[in-house]
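These are the residues of each chain, in order.
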Amino acid sequence: MSLDVETPAPPELATGVDADDYDDAEVGGDEYRREELGDFLAEGAWEEAFAAWRADTDVTETEFAIVRDLELLTRFDFFWDDFADRVGYHAPGLPEDWKERDLHSELDSWQRVSSINAGLTELGQTVCDVLKSEYIDWEADYDAPDDLPDF
């Protein structure tokens, strides 16, 4: 499937937020390099990743309109995880109490909510993959101890 929408502006990355505070992220280190990642997003990583995601996503245009209306893309956060030598991310999502909160008139089923949340997670991973493979040329500063067991 392909989503026929314009590429939105890249998100402004969080400042002063400890990535370990996210429920969906476990990060080693505290140097998140958000400024550099934000520069990469602005220089084309976001557009490249969004185009790749848009070509394969199952998110519908109606669902993407909900994402846009609720400004969910602005709540993405990307950060460097030095311990794992990777880009980590926090994807925004719709809460479990979406129905009680009456978040959007087009939110009418768990299937739609699940599709949006899964699509945002996939977009976050695609952005991380593009950043790591195409933009990041630094290596992790973390050196593992010599006495770690071999698995």
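Here the structure is a predicted model, which means the values were calculated and not measured. (Residues numbered from 1 in each chain as written. Predicted model: local features only at pLDDT ≥ 70, side-chain atom pairs only at ≥ 80, totals over all residues. Heavy atoms only, no water.)

Turning to the overall build of the protein chain, a few remarks are in order. The secondary structure content of the protein chain amounts to four helices and two strands. Helices (α) and strands (β) of the protein chain occur, in sequence order from the N terminus, as α-α-β-β-α-α. For the protein chain, buried positions account for 41% of its 151 residues. Long-range contacts, defined here as pairs at least 24 residues apart, represent 75% of the contacts in the protein chain between residues at least 6 apart. Carbon and sulfur atoms make up 43% of the accessible area of the protein chain, which amounts to about 9,200 Å² in all. (Helix = DSSP H or I, 4+ residues; strand = E, 2+ residues; numbered from the N terminus. Buried < 20%, exposed > 50% of the residue type's maximum accessible area, 1.4 Å probe, protein only. Contact = heavy atoms within 4.5 Å. Areas by Shrake-Rupley, 256 points an atom, 1.4 Å probe, with all protein chains shown as cover.)

To continue, consider the packing of helix α2 (residues 61–69) against helix α4 (residues 110–135). Direction vectors running N to C along α2 and α4 enclose 70°, while the axes themselves pass 10 Å from each other. Comparing the axis directions of α2 and α4 gives the class roughly perpendicular. Across from Thr62, Glu63, Ile66 and Val67 in α2, the residues of α4 making contact are Arg112, Ser115, Ile116 and Leu120. Looking at side-chain class alone, the contact of α2 with α4 contains four nonpolar, two polar and two charged residues. (Axes fitted to C-alpha atoms, helices over the stretch in contact; angles between N-to-C directions. Parallel < 35°, antiparallel > 145°, perpendicular 65-115°, else oblique. Nonpolar A, V, L, I, M, F, W, Y, C, P; charged D, E, K, R; others polar.)

Turning our eyes to something else, we now look at the side chain of Asp82. Here Asp82 is to be found in the loop between β1 (77–81) and β2 (86–90). It turns out Asp82 is buried and unbridged, and the closest side chain with the opposite charge, Arg33, is 5.5 Å from it. Of the polar contacts made by the side chain of Asp82, one reaches the side chain of Trp80; its length is 3.1 Å. (Lys, Arg positive; Asp, Glu negative; His and termini not counted. Salt bridge = Lys/Arg side-chain N within 4 Å of Asp/Glu carboxyl O. Polar contact = N/O pair within 3.5 Å; in protein donor to acceptor, adjacent residues only side chain to side chain.)

Of all the five residues making up β1, five are buried; the element is thus mostly covered by neighbouring parts of the structure. Taking every second residue as pointing to the same face, both faces of β1 are buried, with Asp77, Phe79 and Asp81 on one and Phe78 and Trp80 on the other. Where β1 folds back on β2, the antiparallel hairpin that results is connected by four residues, among which Asp85 adopts a positive phi of roughly 55°. (Pairing = 2+ DSSP bridges.)

Here the phi dihedral of Asp85 falls at roughly 55°; this positive angle occurs in a residue that is not glycine. By the element assignment, Asp85 lies in the loop between β1 and β2. Phi at Asp102 takes a positive value of approximately 50°, unusual for a residue other than glycine. You can see Asp102 is positioned in the loop between α3 (98–101) and α4.

A word on the packing of aromatic side chains. When we look at a pair of aromatic rings, we describe it by the centre distance and by the angle of the planes. Tallied over the full model, the rule gives nine aromatic pairs. When the centroid spacing of 6.4 Å and the interplanar angle of 50° are considered together, the rings of Trp53 and Phe64 count as tilted. Linking Trp53 in helix α1 (residues 34–56) with Phe64 in helix α2, this pair joins segments that are 11 residues apart in sequence. Here the two residues Trp53 and Phe64 agree in accessibility, since each one is buried. Here the aromatic cluster, defined as three or more aromatic residues joined through ring pairs, consists of Trp46, Phe50, Trp53, Phe64, Phe76, Phe78 and Tyr89. (Phe/Tyr/Trp six-rings, centres within 6.5 Å; stacked < 30°, edge-to-face > 60°.)

Bringing α1 into the picture now. With 23 residues, α1 extends only 27 Å from end C-alpha to end C-alpha; this falls clearly short of the ideal 33 Å at 1.5 Å per step. Of all the residues in α1, the buried ones are Arg34, Leu37, Phe40, Leu41, Gly44, Ala45, Trp46, Ala49, Phe50, Trp53 and Arg54. In this structure, the buried side of α1 is in contact with α2, β1, β2 and α4. (Expected span 1.5 Å × (residues − 1).)

Turning our eyes to something else, we now look at α2. Of the residues making up α2, those classed as buried are Glu63, Phe64, Ile66 and Val67. What you see down the axis of α2 is that its buried residues fit within an arc of 150°, all on one side. In this structure, the buried side of α2 is in contact with α1 and α4. Looking one or two residues beyond α2, the residue adopting positive phi is Glu71, at roughly 55°. (Arc of directions from axis to C-beta.)

Function cannot be read off these values alone, since they describe shape.
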